[in-house]
Amino acid sequence: MNFNSPEITTNPSLLLRLRDVQDSKAWALFAEIYGPLIFSYCRRRKLQVSDAADVSQEVFAVLSKALATFDYQTERGRFRDWLGLITHRELIRFWKRNERAHRLQSPEGQSEIEIVEDRNGWDSHFQSELLRHAMKRIQSSFEHETWDIFERIWIKGEMPDEVARSLKIKIGSVYVAKSRVLKSLRAELQMLCDDWPLLERTSR
C-alpha cells in the first residue's frame with residue numbers, strides 16, 4: 001500500500017527546534033523518543049537486532065537532513081505518515097539489498113515488501129509508543145495517589161465512583177486528579193508530536 005505525500009503536520013515545539021543543528025537537547029530528546037520507536041518497529045518486521053539498528057540509523061540519517069531545513073506546513077500532511085514513509089522506504093531498501101530477506105517466513109502469496117508496508121501496524125505502533133513515552137516522562141510530576149487514580153480510570157477503565165469509594169475520597173477529587181494528569185499528558189503529546197492519532201482521547 002502507499003503512504004500519503006511525505007509532508008509534516010505537527011505542533012512544531014520539538015520538530016521546529018530540530019532546524020537548529022546546535023540544539024543538542026532537542027536532538028537528544030528526538031532520538032530518545034523516536035529512536036526506540038523506529039527500532040522496535042523494525043524488530044516487529046522480523047529484522048535481527050543489528051539489522052534493525054542499521055535501518056534505524058539510515059532513517060535518522062534521512063531525518064537529520066530533512067528536519068534541519070523543513071518548512072512546516074501543518075495543513076499539508078501528517079508527521080506519522082512522513083516518518084512511516086521514510087521508515088518503510090529504508091526497510092524496503094534493506095530487503096532488496098540483502099539476500100537473506102528472501103528467506104524470511106511470510107504468509108503464502110505475499111512478498112516481503114508487502115509485509116513491510118503495513119499502514120495499520122505502523123499507526124498502531126506509533127501511537128502506542130508515543131503515548132508510552134509521554135506517560136513515562138510526566139509520571140514523576142505527580143504524587144503516587146494522583147497517578148494511581150489516572151491509571152485506574154483512564155487505563156484500566158474503572159468507574160470513578162468505584163475508585164473514590166476504594167480510596168475513601170470524594171468523587172470530585174477523583175475527577176480533579178484525572179483532569180490534572182490528562183492536561184499534562186495532552187501538553188506532552190502536543191510537544192512531542194501533535195499528530196498522535198488518539199490525542200482527542202485525552203480530553204475525556
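The structure we're discussing is the one just above.
As a starting point, this report considers the structure included with it. On a predicted model such as this, the values are computed, not experimentally measured, just so you know. (Residues numbered from 1 in each chain as written. Predicted model: local features only at pLDDT ≥ 70, side-chain atom pairs only at ≥ 80, totals over all residues. Heavy atoms only, no water.)

**Some points on the overall build of the protein chain**
So, step 1. When helices and strands are tallied, the protein chain shows 9 helices and 0 strands.
So, step 2. Burial status across the protein chain gives 45% buried among its 204 residues.
So, step 3. Considering only residue pairs separated by 6 or more positions, the protein chain has 71% of its internal contacts joining residues 24 or more positions apart. (Helix = DSSP H or I, 4+ residues; strand = E, 2+ residues; numbered from the N terminus. Buried < 20%, exposed > 50% of the residue type's maximum accessible area, 1.4 Å probe, protein only. Contact = heavy atoms within 4.5 Å.)

**Regarding the packing of helix α8 (residues 160–167) against helix α9 (residues 171–192)**
Relative placement of two packed helices is described by the angle separating their axes and the distance separating the axes.
So, step 1. Where α8 contacts α9, the two axes come as close as 8 Å, and the packing angle between them is 110 degrees. With respect to their mutual orientation, α8 and α9 come out roughly perpendicular. Note on packing geometry: the crossing formed by α8 with α9 is right-handed. Contacts between α8 and α9 pair Pro 160, Asp 161, Val 163 and Ala 164 from the former with Ile 171, Val 174 and Tyr 175 from the latter. (Axes fitted to C-alpha atoms, helices over the stretch in contact; angles between N-to-C directions. Parallel < 35°, antiparallel > 145°, perpendicular 65-115°, else oblique. Left-handed = near helix turned anticlockwise from the far one by under 90°.)

**Examining the nonpolar core**
So, step 1. Residues Phe 30, Tyr 34, Leu 63, Phe 79, Leu 83, Phe 126 and Leu 185 are the most contacted members of the largest nonpolar core, which totals 45 residues.
So, step 2. Among the elements that line this core, the one with the most residues is helix α2 (residues 24–44), at 10 residues.
So, step 3. Core analysis: the second largest hydrophobic core is formed by 6 residues, Ile 149, Ile 153, Ala 164 and Ala 177 among them. (Core = buried A, V, L, I, M, F, W, Y, C linked by side-chain atoms within 4.5 Å.)

**Overview of the environment of Asp 81**
So, step 1. For Asp 81, the position within the fold is in helix α4 (residues 79–97).
So, step 2. Between the C-alpha atoms of Asp 81 and Arg 119, which are 38 residues apart in sequence, the distance is 8.8 Å.

**What about the packing of aromatic side chains?**
So, step 1. For the structure shown, the criterion picks out 13 aromatic pairs.
So, step 2. Between Tyr 34 and Phe 79 the ring centres are 5.4 Å apart and the planes differ by 80 degrees, which places this aromatic pair in the edge-to-face class. Separated by 45 residues along the polypeptide, Tyr 34 in helix α2 and Phe 79 in helix α4 bring together distant segments of the chain.
So, step 3. For Tyr 34, a relative accessible area of 0% puts it in the buried group.
So, step 4. Judged by its relative accessible area of 0%, Phe 79 falls in the buried class.
So, step 5. Taking 5.4 Å as the distance between ring centres and 20 degrees as the angle between the ring planes, the aromatic pair formed by Phe 150 and Trp 154 counts as stacked. Here Phe 150 and its partner Trp 154 are both found in helix α7 (residues 144–155), 4 residues apart, which amounts to about one turn of the helix.
So, step 6. On the accessibility criterion, Trp 154 (7% relative accessible area) is buried.
So, step 7. Counting every residue linked through ring pairs, the aromatic cluster contains Trp 27, Phe 30, Tyr 34, Tyr 41, Phe 60, Phe 79, Trp 82, Trp 122 and Phe 126. (Phe/Tyr/Trp six-rings, centres within 6.5 Å; stacked < 30°, edge-to-face > 60°.)

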